[in-house]
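Structure assessment
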Amino acid sequence: MKDATREGLHVKNKKEEKESVTEEEEELFWNLNLLGMSTAKSLLNTVYFYNGKLFGLRGGEHRSLVLTNFEVGFNFVKFEENSCKTFHGGLTDLKYIPKVVKHICHPLGERHERCLVEMYKLYIGLVQTIGKDCNAFYFRPSKSKLRFEKAPVGRNKLNDILPEMCKAAGLKRKTSHCLRVTCASSLFNAGVEEKLIRERTGHRSDSLFKYEKPSKEKITEVSSVLGPSTSATEVKISEEKDLSCLTSSDAQDVVSAGPLNSCSFANCSVKIKVQYLQ
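About the cut-offs
Residues numbered from 1 in each chain as written. Predicted model: local features only at pLDDT ≥ 70, side-chain atom pairs only at ≥ 80, totals over all residues. Heavy atoms only, no water. Helix = DSSP H or I, 4+ residues; strand = E, 2+ residues; numbered from the N terminus. Buried < 20%, exposed > 50% of the residue type's maximum accessible area, 1.4 Å probe, protein only. Areas by Shrake-Rupley, 256 points an atom, 1.4 Å probe, with all protein chains shown as cover. Salt bridge = Lys/Arg side-chain N within 4 Å of Asp/Glu carboxyl O. Pairing = 2+ DSSP bridges. Phe/Tyr/Trp six-rings, centres within 6.5 Å; stacked < 30°, edge-to-face > 60°. Lys NZ or Arg CZ within 6 Å of the ring centre and 35° of its normal. Axes fitted to C-alpha atoms, helices over the stretch in contact; angles between N-to-C directions. Left-handed = near helix turned anticlockwise from the far one by under 90°. Contact = heavy atoms within 4.5 Å. Nonpolar A, V, L, I, M, F, W, Y, C, P; charged D, E, K, R; others polar.

1. Digging into the overall build of the protein chain
Looking only at helices and strands, the protein chain features 12 helices and seven strands. Evaluated residue by residue, the protein chain yields a buried proportion of 37% over its 278 residues. For the protein chain, the accessible surface area stands at approximately 18000 Å², while carbon and sulfur atoms represent 53% of it.

Here is the structure:
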């Protein structure tokens, strides 16, 4: 066992960690109309995507959602869970308070583009009638009209929503659980307190730390704190100069540093790649 560990067997067999959805990828979804309310399919994608990102839902929790889990106000969308991986409603959970998250979309009296309040209102309004007799939240979108059929979206189809969006956008495949990672990582990199992050995701253990993926900016910030103090100057990292048939005097004007100052060029073609190091 120790030999296998030394050889990195545990690393090779380690389950690949889920990545978050970046801001650039999310923007691409909007630009390609994969998110929005132009069609029933894009509207379904939108409520699914932001249920995961805003409320930190696990992949399997989407299927247990019902319409009564949500309340939409003038400027907010409120989610209240009924059951989840860590809350089943039994005797052992009597001391546990179900997660309640209120997402403020914008200040009262204001409106803006991509208003989630308007999109949630539209979706719930379209499925409210058919949802009364079905214990579900997601319903099959019509291919021709902005309406939904009286048939819940199956578990496999729900799990395929984000992977299909990534495929349509030409992005690396990501799953529904990546939205939960996006929720935790976005708040973590924005400097939000851990208590508030836990309120969103519902984490009660230290497994939250696995979801808090530091951004490149945060990694750079930490590195700059620990590194030696230096004075920074802007430089061009890589610059190529083509020195064709230069005389020694011409070369002296181009080459300005290092042992090349003592070199001379005549009747030749020289290509030098200059790299500036801080």
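Back to the write-up after that little detour.
2. Some words on the pattern of salt bridges
Taken as a whole, this structure holds six salt bridges when the rule is applied. Close ionic contact of glutamate 19 with lysine 172 constitutes a salt bridge, the shortest N to O distance being 2.8 Å. Of this pair, glutamate 19 sits in the loop between helix H2 (9-12) and helix H3 (23-31) while lysine 172 sits in the loop between helix H7 (161-169) and helix H8 (177-189); the two residues are 153 residues apart in sequence, bridging distant segments of the chain.

3. Notes on the pairing of strand E3 (residues 100-104)
Residues Val101 and His103 point to one face of E3 and are all buried, whereas Val100, Lys102 and Ile104, pointing to the other face, are not buried. Pairing of strand E2 (residues 76-80) with E3, which is carried by five bridges, proceeds in the antiparallel orientation. Looking at E3, one finds that phenylalanine 76 is bridged to isoleucine 104.

4. Here we look at the packing of aromatic side chains
Counted according to the given criterion, the structure contains 12 aromatic pairs. Ring geometry for tyrosine 123 and phenylalanine 137: centres 5.3 Å apart, planes at 50°, overall tilted. Here tyrosine 123, found in helix H5 (residues 116-131), pairs with phenylalanine 137, found in the loop between H5 and strand E4 (139-141); they are 14 residues apart in sequence, far enough to count as distant. Arranged with centres 5.1 Å apart and planes meeting at 85°, the rings of phenylalanine 137 and tyrosine 138 form a pair that is edge-to-face. Classification of phenylalanine 137 as buried rests on a relative accessible area of 1%. Linked through ring pairs, Tyr48, Phe55, Phe70, Phe79, Tyr120, Tyr123, Phe137, Tyr138 and Phe148 together constitute an aromatic cluster. Over the ring of phenylalanine 76 we find lysine 102, and its NZ or CZ is 4.3 Å from the ring centre.

5. Quick word on the packing of helix H4 (residues 40-55) against H7
A packed helix pair is summarised by two numbers, namely the angle formed by the two axes and the spacing between the axes. Running from N to C, H4 and H7 point in directions that differ by 115°, and their axes come no closer than 10 Å. As H4 packs across H7, the resulting crossing turns out to be left-handed. Contacts between H4 and H7 involve Lys41, Leu44, Asn45, Tyr48 and Phe49 from the first element and Ile161, Leu162, Glu164 and Met165 from the second. Class assignment for the residues of the contact of H4 with H7 results in six nonpolar, one polar and two charged.

By themselves these figures say nothing about function.
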